[in-house]
Structures are given as C-alpha cells and as structure tokens.
Amino acid sequence: MDIAQLIREAKQGSAPAQKCLFDLLSDKMLLVCRRYVKGNEDAEEVLLDGFYKFFKTLGSFQYQGDAALYNWVKKIMINECLMLLRKKNVFTIVTEADAADCPLEAEALNNLSAKEIFDLIVQLPVGYRTVFNLYEIEGLEHKEIAAMLGITEGTSKSQLSKAKILLQKNLAQNGTRYVKRKSR
C-alpha cells in the first residue's frame, strides 16, 4: 500500500493504517528525538507524544509527497523535543568558560564514525546541542531558532559558536585515540 493511501485511511481513523505509518516513520523520528533529548526514555516519550499529535492533526495535513510528510512529522517531533526540554527546565543557555580554540588533528575527523559524531553532539550541554542541531542539521537560520527558543539571534549565534568550540575541544581530547585507531 502506498503512503498516500495510508494517509487517507489513517485520516478516517483506521488503526492498521496508523500502525503502518508509525512503523514506517518511527525509527527515523526516534533518531531525530535522540539528537535533542539525551535519555532513551525521554526520546521514546517524545516520539509517542509526537505521534499522538501527528495523528490528532492528520486531518489538516495535505499529502504532497513523501518528503512533505517526513518534514511535517519531523517538525512535530522537534517541537515536542523543545517542549519537553522546557517542561523539564533543562533548556538553559550555559556558558563554557574554558571552551577555547583547541588544535585538532585533521586525521581525527576522518576516523570518526557516524555514531561517534552523534555521541559527541549528544554530550554537548542542552542549549548548545539544541542550537547546533537546529542550525547545522535542520538548516534553520538564527532568526528562526531565536523565535523558536525565545532567545535573541545573538544568543543563538553565540551558542552555536560555543558548541563548535566545545566539539573541537572534545575532539582534541579524544583525537589521539581516533588517529591511533586508523593506524592500527
């Protein structure tokens, strides 16, 4: 069954169609949630809340292709992640006093797996991680990020800059391990 048909049936309340849509999208959306929310339980909670909202508002969705569906569901998931971070009051813009430019061995970057990159990003403080994900991964502009998070554009830019510095610092601290791994 194609996705357009699943959407039509899910709009009519078909539980099997809704389950098919959930099965089709849940793995990718869980990865989106994990980029913003550190704990597995929280990410799964956000995923379920997001799908609840997705199915609740599905009637207003106009299917225009798979990419449009994916982007709409992803936007719901990101908003749910941000709401959870606010609810738990863990979304604070923090400063990293000792985050300074650190030299980085170029070879370290070449040896990183996607999981290692993900793990480095997840270790960032919540404010840094959120702005980094919204800007670098989702492709939002600082003006949009500022509006979503209730911060200034300058704060968004600062958080992104500090996130990159902290990533470089963490890479530099672990860089030798990554370089040594390649030479084995």
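Residues numbered from 1 in each chain as written. Predicted model: local features only at pLDDT ≥ 70, side-chain atom pairs only at ≥ 80, totals over all residues. Heavy atoms only, no water.

1. Some points on the environment of Glu45
This is how the line gets drawn: For the purposes of this entry, the term helix denotes a DSSP run of H or I that reaches at least four residues, the term strand denotes a run of E that reaches at least two, and both are numbered from the N terminus. Whether two residues are in contact is decided by their heavy atoms: any pair within 4.5 Å suffices.
Turning to its location among the elements, Glu45 is positioned in helix α3 (residues 40-57). On a C-alpha basis, the gap between Glu45 and Glu80 in space is 9.6 Å, while along the polypeptide they are 35 residues apart. When near neighbours in sequence (up to four residues on either side) are disregarded, Glu45 contacts Leu84 and Lys87.

2. Looking at helix α4 (residues 66-87)
Definition in use: Expected helix span is taken as 1.5 Å per residue step, with the number of steps being one fewer than the number of residues.
The end-to-end C-alpha distance of α4 is 31 Å, a good match for the 32 Å that 22 residues give at a rise of 1.5 Å each. Turning to α4, the residues buried within the fold contact α1 (3-11), α2 (15-36), α3, α7 (126-137) and α8 (142-149).

3. Here's the deal with the side chain of Arg34
Here is the rule we go by: Relative accessibility decides the category of a residue: with a 1.4 Å probe and only protein chains considered, values under 20% of the type maximum give buried, values over 50% give exposed, and everything between is partly exposed. Think of it this way: Lys and Arg go in the positive column, Asp and Glu in the negative one, and His and the chain ends go nowhere. Salt bridge, as used here: a side-chain nitrogen of Lys or Arg that lies within 4 Å of a carboxyl oxygen of Asp or Glu.
Residue position: Arg34 is located in helix α2. Buried charge Arg34 goes without a salt bridge, the closest partner of opposite sign being Asp119 at 5.8 Å. Setting aside chain neighbours within four positions, we find Arg34 in contact with Gly39, Asn40, Ala43, Phe118 and Val122.

4. As for the nonpolar core
Using the following cut-off: What makes a nonpolar core is a set of buried Ala, Val, Leu, Ile, Met, Phe, Trp, Tyr and Cys residues whose side-chain atoms join them at distances within 4.5 Å.
Counting residues in hydrophobic clusters, the biggest one holds 47 residues, and the most contacted among them are Leu21, Phe54, Leu69 and Met77. No other element matches α4, which puts nine residues into this core. Leu21 has contacts with Ile3, Leu6, Ile7, Ala10, Phe51, Phe54, Phe55 and Leu69, leaving out every residue within four places of it along the chain.

5. With respect to the pattern of salt bridges
A side chain of one charge can pair with a side chain of the opposite charge when the charged atoms of the two come close. What the rule picks out here adds up to six salt bridges. Notably, a salt bridge pairs Asp23 with Lys19, separated by 2.9 Å at the nearest N-O pair. Highlighted residues: Asp23 and Lys19, both in helix α2, separated by four residues, approximately one helical turn. The exposure class assigned to Asp23 is partly exposed, which follows from its relative accessible area of 41%. Ionic pairing is found between Lys164 and Glu136, a salt bridge with its closest N-O pair at 2.9 Å.

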